[in-house]
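Here are the chains, one letter per residue:
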Amino acid sequence: MAKDPLPTSPLSHLDPDGRPRMVDVSAKTESLRVARAEGWLRMRRETFDALVGRALPKGDPMRVAEIAGIQAAKRTAELIPLCHPLPLTAVSLRVEVEPSLPGVRVEARAEVVGRTGVEMEALTATSVALLTVYDMLKAIDRDLRIEGVRLLEKSGGRSGAWRAPDVTDDGEPE
């Protein structure tokens, strides 16, 4: 007995039969596309003090995390199965201490001139940078928590610009 095909999916990564596919972007117009993402790593106050005082057994996780995030953005399509490989034109990260957490805040920005957006690259860069700091601090703090990984804003393409509701006109979260 033949199965009825699945209903047409509103999800672009599924074909009419419900099977996964990479979306065809060949008809889209190339444009400058930019995305920013953020996340943070909460830690114990003692860990934060050791980080700020550069008293860590594995060295400075902040600079290592920035490099790791850039590398991760470049390899996003290898990590996310249906993500298009993109010729990124720019990737930057800010990994900064945030005393109010206490912890570290990461912000990543990815850019491409292409037919699809770079949200996944910005989110991947943020996530891997946070995981890198986590890895370098886990020996002294088992209570580390990665939180708040999210898209802050994106621009370019047919859908235009989008900004998280709590991000101000200067681009900073409230």
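Note: the structure precedes this text.
If you're wondering where the values come from, they're calculated on a predicted model, not measured in any experiment. (Residues numbered from 1 in each chain as written. Predicted model: local features only at pLDDT ≥ 70, side-chain atom pairs only at ≥ 80, totals over all residues. Heavy atoms only, no water.)

Draft legend 1. Expanded view of the pattern of salt bridges. Taken as a whole, this structure holds 18 salt bridges when the rule is applied. Where salt bridges share partners, they join R36, E38, R94, E96, R105, E107, R150, E153, R163 and D166 into one cluster. (Salt bridge = Lys/Arg side-chain N within 4 Å of Asp/Glu carboxyl O.)

Draft legend 2. Local environment of helix α2 (residues 61-74). Taking 1.5 Å as the rise per residue, α2 with 14 residues should run 20 Å; its terminal C-alpha atoms sit 20 Å apart, in good agreement. Considered for burial, the residues of α2 that qualify are P61, M62, A65, E66, A68, G69, A72 and A73. Close packing links the buried residues of α2 with α1 (45-52), α3 (76-79), β2 (90-98), β3 (103-114) and α4 (119-137). Structurally, the start of α2 carries an N-cap: the backbone nitrogen of M62 is 3.0 Å from a side-chain oxygen of D60. (Helix = DSSP H or I, 4+ residues; strand = E, 2+ residues; numbered from the N terminus. Expected span 1.5 Å × (residues − 1). Buried < 20%, exposed > 50% of the residue type's maximum accessible area, 1.4 Å probe, protein only. Contact = heavy atoms within 4.5 Å. Polar contact = N/O pair within 3.5 Å; in protein donor to acceptor, adjacent residues only side chain to side chain.)

Draft legend 3. Structural detail: the side chain of T76. With respect to the element layout, T76 can be found in helix α3. In terms of polar contacts, T76 uses its side chain to reach the backbone carbonyl oxygen of A73, at 3.0 Å. In contact with T76, not counting residues within four places along its chain, are C83, M120, E121 and T124.

Draft legend 4. A look at α1. Residues of α1 that are buried include every one of T47, F48, A50 and L51, and no others. Each buried residue of α1 sits inside an arc of 160 degrees when the element is viewed along its axis, so together they form one side. Elements in contact with the buried residues of α1: α2, β2, β3 and α4. Looking at the residues trailing α1, positive phi occurs at R54, about 55 degrees. (Arc of directions from axis to C-beta.)

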